[in-house]
Amino acid sequence: MTSKNSNYAAAESYLTFQHNEYTGLPILDEKGRPKLRDSYLLDTLECGESSFAMACLIANRKYGKNGGREDVKTHHYIISFDPKDAVENGLTMERAQALGLQFCKDNFPGHSAIVCTHPDGHNSAGNIHVHIVIGSLRVRTVERQPFMDKPCDWEAGKKHRCTSAMLRHLRVAVMEMCEQADLNQINLLEAQGDHVSEREYWAQRRGQRRLDHANAKLAAEGQQPTQTVYQTELDKLRKQIYSVLNKTTTFEEFSALLMQEHGLAIAVAGVLTAVLCPIFAALL
């Protein structure tokens, strides 16, 4: 994830204080003060004696970067471990934090960073996970690594590039880390079901919440709900595409049947193309 928020302290605040997962607002105690998370481990890297926020601001001033509203200020990566690792493989928060720190040093050298481990994920999944938030600006020149292909990838004063090649490298690095640590893993280089963006994920969660509230009101009035599972428009579109995709062997057949069964036309650009491209890319 990327952020254009110039308030760098907001990143640490999110990691250390409780927030409403639907609104993103901090949860307050009875005195109106933000409530700390029940459990977390947090360290900073490349910040010297300063806080993460101050280190980023000092770097921006030194190199004259990130002054615009549209400039990416931070990048946020999350390493989420298998819930079974805590029981089967002895994964603790301390061990996960150590792995996250080393991962950050190896893959984001020269960037001011926050590394923070939480004991659980959304929906009480039980998965220990590590947040890595880096300032987009590199504060020092680093030794060139094999995954770096341009001078801007190792020179001071340059910005982090979250390219497809970089993301592929990070996926491989996570898999190698889990293998060396004897932890469970999945093949991150192969498709793992539908690719759902964070924006769509939260749209589904919020829509389901609204639907549940509406259904509870109907039940209280003695009425039977007609829908219990909320679907985003993209999810509906995705299911319509898959239903046709399984019946056809050529793009022409697919296009004709999609129009015949669902009244959908394939445009050169637009939402439909955005959904189709990843699907066909996965098939090639």
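Refer to the structure printed above.
About the cut-offs
Sequence positions are assigned chain by chain, starting from 1 and proceeding in written order. With pLDDT at 70 or above as the cut-off, local features in this predicted model cover only qualifying residues; side-chain atom pairs require 80 or more to be listed or tallied, and sums for whole chains, interfaces and linings still use all residues. Only hydrogens and water are set aside; all other atoms, that is, all heavy atoms of the structure, feed into the side-chain values. Here the axes come from fitting lines to C-alpha atoms, over the contacting stretch only for helices, and the angles between their N-to-C directions go from 0 to 180 degrees. Secondary structure is summarised from DSSP: a helix means a run of H or I of at least four residues, a strand means a run of E of at least two, and numbering begins at the N terminus for each. For any pair of crossing helices, the crossing counts as left-handed if the nearer helix is rotated counterclockwise from the farther one by less than a right angle, and right-handed if it is rotated clockwise. The contact criterion used throughout is that any non-hydrogen atoms of two residues lie within 4.5 Å. Three classes are used, and their members are as follows: Ala, Val, Leu, Ile, Met, Phe, Trp, Tyr, Cys and Pro are nonpolar, Asp, Glu, Lys and Arg are charged, and the others, Gly among them, are polar. Helix span, expected: 1.5 Å multiplied by one less than the number of residues in the helix. Summary of the burial criterion: residues with accessible area below 20% of their type's maximum are buried, those above 50% are exposed, and those between are partly exposed, where the area comes from a 1.4 Å probe applied to protein chains only. Oblique is the label for any angle not covered by the other classes, which are roughly parallel (under 35 degrees), roughly antiparallel (over 145) and roughly perpendicular (65 to 115). When DSSP finds at least two bridges between two strands, those strands are taken to pair. In this analysis, rings of Phe, Tyr and Trp, with Trp reduced to its six-membered ring, are considered paired at centre separations within 6.5 Å, and the interplanar angle assigns stacked below 30 degrees, edge-to-face beyond 60, and tilted for intermediate values.

Undergrad: How should the packing of helix α4 (residues 93–107) against helix α5 (residues 164–180) be read in this particular structure?
TA: Packed helices, taken two at a time, are described by the angle between their axes plus the distance between the axes. Packing of α4 against α5 brings their axes to within 12 Å, and their N-to-C directions diverge by 145°. Judged by the twist between their axes, the crossing of α4 over α5 is right-handed. Residues L99, F103 and N107 of α4 lie in contact with α5, whose contacting residues are M166, H169, L170, A173, V174 and M177. Here the contact of α4 with α5 is built from residues that sort into seven nonpolar, two polar and no charged.

Undergrad: What exactly am I supposed to notice about α5 here?
TA: Given 3.6 residues per turn, any residue in an α-helix points the same way as the ones three and four places further on. With 17 residues, α5 should reach 24 Å at 1.5 Å per residue; the first-to-last C-alpha distance of 24 Å fits that figure. For α5, the set of buried residues is M166, L170, A173, V174, M175, M177 and C178. Buried-residue contacts for α5 involve β3 (74–80) and α4. Positive backbone phi, approximately 55°, marks D182, located one or two places after α5.

Undergrad: What exactly am I supposed to notice about the packing of helix α7 (residues 233–245) against helix α8 (residues 251–262) here?
TA: Relative to each other, α7 and α8 sit at 125°, their axes nearing to 9 Å. One finds that α7 runs oblique with respect to α8. The hand of the α7/α8 crossing is right-handed. Residues Q240, I241, S243, V244 and L245 of α7 pack against F254, L257, L258, E261 and H262 of α8. Class assignment of the residues belonging to the contact of α7 with α8 gives a composition of six nonpolar, three polar and one charged.

Undergrad: Would you take a moment to explain the side chain of N127 for this structure?
TA: Locating N127 in the fold gives a position in the loop between β4 (111–118) and β5 (129–138). Assessed through its relative accessible area of 9%, N127 is described here as buried.

Undergrad: How should the pairing of β4 be read in this particular structure?
TA: Regular strands show a simple pattern: their side chains alternate between the two faces of the sheet. Counting buried positions along β4 yields eight of eight residues, so the element is predominantly enclosed. Side chains H111, A113, V115 and T117 of β4 all project onto a buried face; the interleaved residues S112, I114, C116 and H118 project onto the opposite face, where all are buried too. Both strand β2 (residues 41–45) and β4 contribute to a ladder of five bridges, which runs antiparallel. Residue pairing for β4: L42 is matched across the bridge by C116.

Undergrad: Would you mind showing me how to read the side chain of H111 here?
TA: Here H111 is to be found in strand β4. Excluding its chain neighbours within four sequence positions, the residues that come into contact with H111 are L45, E46, I134, G135, S136, L137, R138 and H160.

Undergrad: Can you walk me through the packing of aromatic side chains in this structure?
TA: Any aromatic ring pair is given by two values, namely how distant the centres are and how the planes are angled relative to each other. Inspection of every chain in the model, using the stated rule, returns four aromatic pairs. Ring centres of F103 and F108 lie 6.4 Å apart, and the angle between their planes is 65°; this geometry places the pair in the edge-to-face category. For the residue pair F103 and F108, the accessibility class agrees, reading buried in each case. With a centroid separation of 6.3 Å and an interplanar angle of 40°, the aromatic rings of F251 and F254 are classed as tilted. With a gap of three residues between them, F251 and F254 both fall in helix α8, about one helical turn apart. Of the residues examined, F251 reaches a relative accessible area of 42% and is grouped as partly exposed. Residue classification places F254 among the buried positions, given a relative accessible area of 1%. Pairwise contacts between aromatic rings join Y77, F103 and F108 into one cluster.

Distances and angles like these do not, on their own, reveal function.
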